[in-house]
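Letter by letter, the chains look like this.
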Amino acid sequence: MTKTKRNAIIEYMEQKKGRVVKIRQFLYTSASFFYLRITANQRLKPRKRLRFETDVTDHCNLNCKSCHHFSSIADQNFVETEVFEKDFARISQLAGRNNENIDIMGGEPLLHPEISTLLIIARKYFDGPVNIVTNGILLEKMNAFFWESCRKNNIRIIVSSYPIKLNVKRIKELAKKYSVTLKIRSIFMSKNSWCKLPFDLNGKQCIKENSKLCITINKCIFLKNGRLSTCCLPLVADRFNNYFCKNTETVTVSSRTGNFAHSGLVVSTALEATDDDSIDIYKAKNIGEIYEFLSKPVPFCRYCKIKSWEIGIEWGVSKKEITEWI
Ligand code: SF4
Ligand code: SF4
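Here the structure is a predicted model, which means the values were calculated and not measured.

A. Spotlight on the overall build of the chain. Helix and strand counts for the chain come out as nine helices and twelve strands. Each of the 326 residues in the chain was classed as buried or not, and the buried ones make up 29%. Partitioning the intrachain contacts of the chain with sequence separation of at least 6 by distance along the chain shows that 80% fall at a separation of at least 24.

And the structure:
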């Protein structure tokens, strides 16, 4: 076979693969949006029980492209144990120790030098399910104190799904040895199961429509520095702003991706979050006030291009380029 013929076949196969991916994405997003729209009223009701997640590290050791927490472009940062305990004590007091779920995550939570102590603190204040959500890379290296902290405090380890090699056999052995509940989300995640939520840096998206179609609102409730928000974005946007504003004042965005109408458009890089995007847990009078706040969209929702969620895209390590997020 000639080189030209071989290249033509490869190109044809690539095009075919691209079409299949697009059809799969279309079917998946159509079904998801249909479901989200008909369940919107239910999802946007004030909660009855508390659930939240919190990042104990900003940074990560995997650095995926388009990371939803902006961890792949975040500076190294660890939550202070005192701040973590103060916030947990306050929310516990408001919620009467009652929680539906708490996820301790990041970034990569196992990078935190005092992760075992943080787990002890979490259990000190809450009676319900507490999980540590990790990419699993460091699990094999964790010491006995960590595993014992998980066991004694009934902390479940959840390994998120990424197309990376993990020594699953060894991780399972360790969990068994220390009698720790382990959940591995999917050890066979394909490279084409990644997703990206693009942002409209001009903040022109419809907040009401976004809230109806958003899967995270009032569910992936996020705690940071004494504040709770309905999703992580308003409280982690500083990672995006710090990285891109530090490196470029403005960026020129090509219309090749179809995200913008005109090529060469100059946009501001800031995803601006204000106090209206989250609630101060020390000023809230009771848990009902917090649930009421969390059940409503926030001004920050204007940045999310929810209808343009890209699902089923190829996973990869971040090149720290702004196009991974817009
Ligand atoms: S593993 Fe990837 S998606 Fe998860 S926090 Fe790290 S960089 Fe983000
Ligand atoms: S900012 Fe609003 S629309 Fe965007 S993900 Fe969070 S809750 Fe959803």
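Resuming the write-up.
B. Molecular detail of the site of ligand 1. Neighbouring residues of ligand 1: Cys60, Leu62, Asn63, Cys64, Cys67, His69, Ser71, Ser72, Gly106, Gly107, Glu108 and Asn135. A per-class count over the shell around ligand 1 returns four nonpolar, seven polar and one charged.

C. Region of the structure containing the environment of Ser116. You can see Ser116 is positioned in helix H4 (residues 115-125). C-beta crowding within 10 Å serves as the criterion here: with 19 such atoms nearby, Ser116 is assigned to the partly exposed category. As for Ser116 and Glu148, which are separated by 32 residues in sequence, their C-alpha atoms are 8.6 Å apart.

D. Inspection of the nonpolar core at higher detail. Core analysis: the biggest nonpolar cluster contains 62 residues, and Ile104, Leu118, Ala122, Phe222 and Leu228 have the highest contact counts within it. Among residues more than four places away in sequence, those in contact with Ile104 are Thr54, Val56, Pro109, Leu118, Ala122, Val130, Asn131, Ile132 and Val133.

E. Local environment of the environment of Ala273. Among the secondary structure elements, Ala273 is positioned in the loop between strand S10 (265-268) and strand S11 (279-280). We classify Ala273 as buried; it has 20 C-beta atoms within 10 Å. As for Ala273 and Cys301, which are separated by 28 residues in sequence, their C-alpha atoms are 9.9 Å apart. Sequence-distant contacts of Ala273, that is, excluding residues within four places in its chain, are made with Pro234, Ala237 and Phe300.

F. Molecular detail of the sheet that holds strand S7 (residues 222-224). Pairing within the open sheet is mixed, and its eight strands lie in the order S5-S4-S3-S2-S1-S7-S8-S11. The open sheet has two edge strands with one neighbour each: strand S5 (182-184) and S11. Sheet analysis places strand S4 (residues 155-159) next to S5, joined by three bridges and oriented parallel. Residue Ile157 lies in a different strand from S5, and its bridge partner there is Leu182.

G. Examining the site of ligand 2 more closely. Close to ligand 2 lie Asn210, Cys214, Thr216, Ile217, Thr230, Cys231, Leu233, Pro297, Phe300, Cys301, Cys304 and Ile306, which account for all nearby residues. Partitioned by chemical class, the residues of the shell around ligand 2 number nine nonpolar, three polar and no charged.

H. Spotlight on the pairing of strand S2 (residues 99-105). Where burial is concerned, most of S2 is hidden: five out of the seven residues are buried. Here strand S1 (residues 50-55) pairs with S2 via six bridges, running parallel. Paired with Leu50 across the two strands is Asn99, which belongs to S2. Sheet topology places S2 next to strand S3 (residues 130-134); three bridges connect them, and they run parallel. Bridged to Ile104 within S3 is Ile132. Running through H4, the crossover from S2 to the neighbouring parallel element S3 is right-handed.

I. Highlighting the pairing of S3. Here S3 shows a clear split, with Val130, Ile132 and Thr134 buried on one side and none of Asn131 and Val133 buried on the other. When S3 meets S4, the two strands line up parallel, connected through five bridges. Across the sheet, residue Val130 finds its bridge partner in S4, namely Ile155.

What counts, and at which threshold
Residues numbered from 1 in each chain as written. Chains lettered and ligands numbered in written order. Predicted model: local features only at pLDDT ≥ 70, side-chain atom pairs only at ≥ 80, totals over all residues. Helix = DSSP H or I, 4+ residues; strand = E, 2+ residues; numbered from the N terminus. Buried ≥ 20, exposed ≤ 12 C-beta atoms within 10 Å, placed from the backbone. Contact = placed C-beta atoms within 7 Å. Near = placed C-beta within 6 Å. Nonpolar A, V, L, I, M, F, W, Y, C, P; charged D, E, K, R; others polar. Core = buried A, V, L, I, M, F, W, Y, C linked by C-beta atoms within 7 Å. Pairing = 2+ DSSP bridges. Right-handed = clockwise from strand over helix to strand, strands pointing away.

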